[in-house]
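Overview (structure and organization)
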Amino acid sequence: MTEIPEHLLKRAQAAREKAAGGDAGGAQAGGDRIPDQLLDRTKAASDGAAAVVASAPAGGGVPVGAGPGGHTQRLLTVVKSGSIQEAKAAPVDKVHTWPHLLAVEFVAALACTAFLFVFSWVVNAPLLQAADFNKTPNPSKAPWYFLGLQELLTMFHPMIAGVTLPGMGLIALILAPYLDRNASNKPEDRKFMTSMMTMFLMFWAVLTIIGSFFRGPGFNFTFPWRDGIFFEL
Amino acid sequence: MARTDANPPMPEWSTEYQLVEVDHEYLTKAVKPKQFIHIDQSECIMCEGCVDICPWKCIHMVTPDAIAEATGTEQPGMDPSDNVIFLIDDDVCTRCALCVDRCPTGVIILGKAGAPAAEGDSHTRTNNHGYAYGMRL
């Protein structure tokens, strides 16, 4: 790495100290706010005296078109936070939704459709015979993904198990972006939310497993190793 | 994606720029058109209007971290008050000056590269230097 000149390091250090002191000082810093901006402007004027090119240096001068893709790219300006409006959000390097995201999503949708088409072609999933109310199945079980809910129905009043608890879950999902304001996507920063999700998954998995394998005729509790498995996929 | 005018390919950008200070002779030699966009940072409100309106997406607002190294000039981001940087791809820019007209604070100018005055660039708009508040002079 290129050596950073001593005076630049000193200037950055001084600015950092001033920024740290300014937070503590608060009202005191207000007095010399305008001179700061004037200083910035003067510095910008002297910095901008010559054009500045963002490109790769090579031995004995800058080659023409040294930027990405062989282009000449230029640093337009460095905006200081002391400009006439404070930054509301941290700037991010971003691209446009169309076509960068939507094209990928469209291809993903096509791939999913193709997969489902082939899968439903290969795997046979016929309907059962017509229902006979003289011969009802016992136990009568929902599809496996509803068995957690069916298991919940054995414990609470249908209003609670079928409406209130799932409703609370849905409302919690709707509120999730407002309750969880942690923007980090590193697992080590998301311990609380990771544990919440793990608890929910464990809770639901246990209910589904009990409903699938530990419920026999009359939806009574059984042990699968004693009475056999009452479960069809 | 088809390369159409409605969907121009984005210029390539880097996150490891090597910043080098060059003179106006280098710049006029490196790029064919002789006019250059300039943004005066002191009145920039970071609205990204110029980034948004550019038909070629050749202006970009990024964090100062994008510049890995600076030679012969101060590295943006060293000073903690450095907030964002604006980059332009001068090979893609067509000098349509839409950004100049779009800028709500009128701080983007389209001027010629040349030797600065002895006391430095005045950063002011004059009758023969760029645009003033969306009006061509």
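Criteria and cut-off values
Residues numbered from 1 in each chain as written. Chains lettered and ligands numbered in written order. Predicted model: local features only at pLDDT ≥ 70, side-chain atom pairs only at ≥ 80, totals over all residues. Heavy atoms only, no water. pLDDT = per-residue confidence, 0-100. Contact = heavy atoms within 4.5 Å. Core = buried A, V, L, I, M, F, W, Y, C linked by side-chain atoms within 4.5 Å. Buried < 20%, exposed > 50% of the residue type's maximum accessible area, 1.4 Å probe, protein only. Helix = DSSP H or I, 4+ residues; strand = E, 2+ residues; numbered from the N terminus. Patch = residues over 30% accessible without salt bridge, like charges linked within 9 Å, V, L, I, M, F, W, Y side chains within 5 Å. Areas by Shrake-Rupley, 256 points an atom, 1.4 Å probe, with all protein chains shown as cover. Salt bridge = Lys/Arg side-chain N within 4 Å of Asp/Glu carboxyl O.

Here we look at unusual backbone geometry
Residues Trp98(A) and Pro99(A) are joined by a peptide bond in cis, for which omega reads 5°. A positive phi is found at Met46(B), a non-glycine position, where the angle reads about 55°. Unlike most non-glycine residues, Arg95(B) shows phi in positive territory, near 60°.

A short note on the confidence of the model for chain B
Residues of chain B with pLDDT of at least 70 account for 77%, and the chain-wide mean is 77. Of the regions scoring below 50 in pLDDT, residues 130–137 of chain B engages in 20 contacts with residues more than four places distant in sequence or in other chains.

What to know about the nonpolar core
Of all hydrophobic cores here, the largest spans 24 residues; its most connected members are Ile37(B), Ile59(B), Phe86(B) and Ile108(B). Going through the elements one at a time, strand E2 (73–80) of chain A together with strand E2 (35–39), helix H2 (49–53), strand E3 (59–62), strand E5 (82–89), helix H3 (98–102) and strand E6 (108–112) of chain B are the ones with two or more residues in this core. Among the elements that line this core, the one with the most residues is E5(B), at 3 residues. Dropping the residues within four chain positions of it, Ile37(B) is found in contact with Arg74(A), Leu76(A), Ile88(B), Cys93(B), Cys99(B), Val100(B), Ile108(B), Ile109(B) and Leu110(B). The next biggest cluster of nonpolar side chains, apart from the first, holds 10 residues, and it includes Tyr17(B), Ala66(B), Ile67(B) and Ile85(B).

Considering a nonpolar patch on the surface
A cluster of nonpolar side chains, namely Phe115(A), Leu116(A), Phe117(A), Val118(A), Phe119(A), Trp121(A), Val122(A) and Val123(A), defines an oily patch on the protein surface of about 940 Å² accessible area. Inspection of the secondary structure assignment puts Trp121(A) in helix H5 (residues 102–122).

A few points about the pattern of salt bridges
Overall, the coordinates contain 5 salt bridges over all chains when judged by the stated rule. Put simply, Arg74(A) and Asp90(B) hold a salt bridge, and the shortest N to O gap is 2.5 Å. Pair noted here: Arg74(A) is in strand E2 and Asp90(B) is in the loop between E5 and H3, and the two residues belong to different chains. Like Arg74(A), the residue Asp90(B) is buried in the burial classification. Of the charged contacts, one joins Arg95(B) and Asp90(B) as a salt bridge, the two residues approaching to 3.8 Å between their closest N and O atoms. Since its relative accessible area comes to 1%, Asp90(B) is described here as buried.

Topic: the environment of Val62(B)
Residues and elements named next belong to chain B. In this fold, valine 62 is placed in strand E3. Residue valine 62 is classed as buried on the basis of its relative accessible area, which comes to 5%. Considering only alpha carbons, one finds valine 62 and asparagine 83, 21 residues apart in sequence, at a separation of 9.2 Å.

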